[in-house]
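# Structure assessment
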Amino acid sequence: MKYKNIVFDIDGTLIDTEYAVLHSLQETIRAMSGKEIPCSELKFALGITGIDALKKLEIKNISYAIELWDKNMCKYADTIKVFDGITELLKNLLSLDYEMGIVTSKTREEFVHDFCQFGINHYFKKIICADDTQEHKPNAAPLLKYMELTKTDHGKVLYIGDSKYDSKCAENAGIDFALAVWGSHSKHIRADYFLEKPADLLSLCC
């Protein structure tokens with residue numbers, strides 16, 4: 001068993017939130033600035049913290065914008081779902097004695113509100129949210145924090161994500177990275193492994 005800990009990103013990896021995130025952000029920008037930005041031009045926001053995304057958009061009142069964005073996200077709640085095959089994957093990894101964790105750009109409040117409703121959070125022993133580190137993806141800090149708290153060596157951790165920020169975070173932390181192609185729809189991101197579907201991880205781990 002090469003890896004001991006399998007660590008997941010959330011958005012675009014465990015749950016499909018792309019439509020909700022992009023459309024709620026689009027709505028937030030429209031309300032705050034009157035600008036109409038196509039969702040295709042907002043995809044950079046996937047994989048980084050909401051605060052960092054809003055700073056890149058040069059939104060002035062960040063705290064109010066975050067509140068508004070959260071409210072707008074609620075309108076699209078019915079579009080968010082767990083990716084097909086994820087629950088089965090987590091059950092299988094647990095049966096194989098892997099320890100699973102999460103490193104996400106969501107705040108702890110967002111994690112509770114957006115993720116816990118799906119009933120799969122009990123599979124994960126350690127969860128690192130944006131509140132837990134001063135620096136965030138693509139900086140190595142979140143993964144380094146995970147390894148510190150779990151007392152796990154770099155070579156025993158595999159990080160799975162869907163964005164270039166996830167890839168760079170893993171690279172900066174010195175750990176292997178698997179791209180969740182099912183959520184990223186791209187193979188143009190640096191990765192040690194490319195997973196077309198969640199079940200592909202099992203053939204890698206077994």
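Residues numbered from 1 in each chain as written. Predicted model: local features only at pLDDT ≥ 70, side-chain atom pairs only at ≥ 80, totals over all residues. Heavy atoms only, no water.

On to the pairing of strand 4 (residues 99-103). Taken residue by residue, a regular strand's side chains alternate between the two faces of the sheet. In terms of burial, strand 4 is largely enclosed, as four of its five residues are buried. As paired strands, strand 1 (residues 5-8) and strand 4 are joined by four bridges and run parallel to one another. Following the sheet pairing, I6 is matched in strand 4 by M100. Examined bridge by bridge, strand 4 and strand 5 (residues 126-128) share three bridges and lie parallel to one another. Within strand 5, the residue paired with G101 across the bridge is K126. On the question of chirality, the crossover connecting strand 4 to the parallel strand 5 by way of helix 5 (residues 108-114) is right-handed. (Buried < 20%, exposed > 50% of the residue type's maximum accessible area, 1.4 Å probe, protein only. Helix = DSSP H or I, 4+ residues; strand = E, 2+ residues; numbered from the N terminus. Pairing = 2+ DSSP bridges. Right-handed = clockwise from strand over helix to strand, strands pointing away.)

Attention now moves to the nonpolar core. By size, the foremost hydrophobic cluster in this structure holds 55 residues, and its most contacted members are I6, F8, L93, F124 and L201. Judged by nonpolar contacts, the second largest core, of 18 residues, contains L143, V157, L179 and I189. (Core = buried A, V, L, I, M, F, W, Y, C linked by side-chain atoms within 4.5 Å.)

This brings us to the sheet that holds strand 4. Spatially, the six strands line up as an open sheet ordered 5-4-1-6-7-8, and their pairing is parallel. Looking at strand neighbours, the two that pair on one side only are strand 5 and strand 8 (193-195), the edges of this open sheet. Neighbour to neighbour, the strand axes of the sheet diverge by 25° on average, direction disregarded. Alignment of strand 1 against strand 6 (residues 157-161), held across four bridges, turns out to be parallel. By the bridge assignment, I6 is partnered in strand 6 with L158. On top of the sheet, helix 6 (residues 141-150) reaches strand 1, strand 4, strand 5 and strand 6; it is set at about 150° to strand 5, its chief contact. (Axes fitted to C-alpha atoms, helices over the stretch in contact; angles between N-to-C directions. Contact = heavy atoms within 4.5 Å.)

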